[in-house]
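Geometric and topological summary
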Amino acid sequence: AVPRTRILATGGASHNKKILQVLSDVFNAPVFTIDTANSACLGSAYRAIHGLVAERNVSLADVVKLAPEPRLAVTPTPGAEKV
């Protein structure tokens, strides 16, 4: 089975449920958020950690397993894909 698409929204707009709902309806996918003040810095930090452990063959996927679990924010409105 092919996994469904999901969207991870970060930054200031991720606090606006109406914007998230539009994203969810347009892409017909659930939208998740993470509670972090600066997602760009968080991503950079994970890449830096990955760089430090790269010589031990640790994958980026293993590094980001340390990331906070995303929370479901909104799901597509039924029938929105027909619009």
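Model, not experiment: these values are computed from the prediction. (Residues numbered from 1 in each chain as written. Predicted model: local features only at pLDDT ≥ 70, side-chain atom pairs only at ≥ 80, totals over all residues. Heavy atoms only, no water.)

**Considerations on the nonpolar core**
For soluble globular proteins, nonpolar side chains are generally found buried alongside one another. Formed by Ile7, Ala9, Leu20, Ala29, Val31, Ala73 and Val74, the largest nonpolar core amounts to 7 residues. Secondary structure elements with two or more residues in this core: β1 (7-9) and β3 (71-74). With sequence-adjacent residues up to four places away left out, Val74 is seen in contact with Lys17, Leu20, Gln21, Ser24, Pro30 and Val31. (Core = buried A, V, L, I, M, F, W, Y, C linked by side-chain atoms within 4.5 Å. Buried < 20%, exposed > 50% of the residue type's maximum accessible area, 1.4 Å probe, protein only. Helix = DSSP H or I, 4+ residues; strand = E, 2+ residues; numbered from the N terminus. Contact = heavy atoms within 4.5 Å.)

**With respect to the packing of aromatic side chains**
According to the stated counting rule, one finds 0 aromatic pairs in the structure shown. Directly above the aromatic system of Phe32 lies the positively charged group of Arg6, at a separation of 4.8 Å from the ring centroid. (Phe/Tyr/Trp six-rings, centres within 6.5 Å; stacked < 30°, edge-to-face > 60°. Lys NZ or Arg CZ within 6 Å of the ring centre and 35° of its normal.)

**Considerations on the environment of Arg71**
Tracing the sequence through the fold places Arg71 in strand β3. Between the C-alpha atoms of Arg71 and Thr33, which are 38 residues apart in sequence, the distance is 5.4 Å. Every residue in contact with Arg71, bar those within four places of it in the chain, is listed here: Val31, Phe32, Thr33 and Asp35.

**Brief notes about the layout of surface pockets**
Within this model, the largest pocket holds a volume of roughly 150 Å³. Lining the largest pocket, in full, are Ser14, His15, Asn16, Lys17, Leu20, Thr33, Ile34, Asp35, Arg71, Leu72 and Ala73. Taken together, the elements giving at least two residues each to the lining of the largest pocket come down to α1 (17-27) and β3. Take the lining of the largest pocket: its biggest share by element is 3 residues, from β3. Residues belonging to the lining of the largest pocket are distributed by class as follows: 4 nonpolar, 4 polar and 3 charged. (1 Å grid on protein atoms, 1.4 Å probe; cavity = no way out; pocket = protein on both sides within 12 Å on 5 of 7 lines; lining within 4 Å. Points joined across faces, edges and corners; volume = space filled by probe spheres on them. Nonpolar A, V, L, I, M, F, W, Y, C, P; charged D, E, K, R; others polar.)

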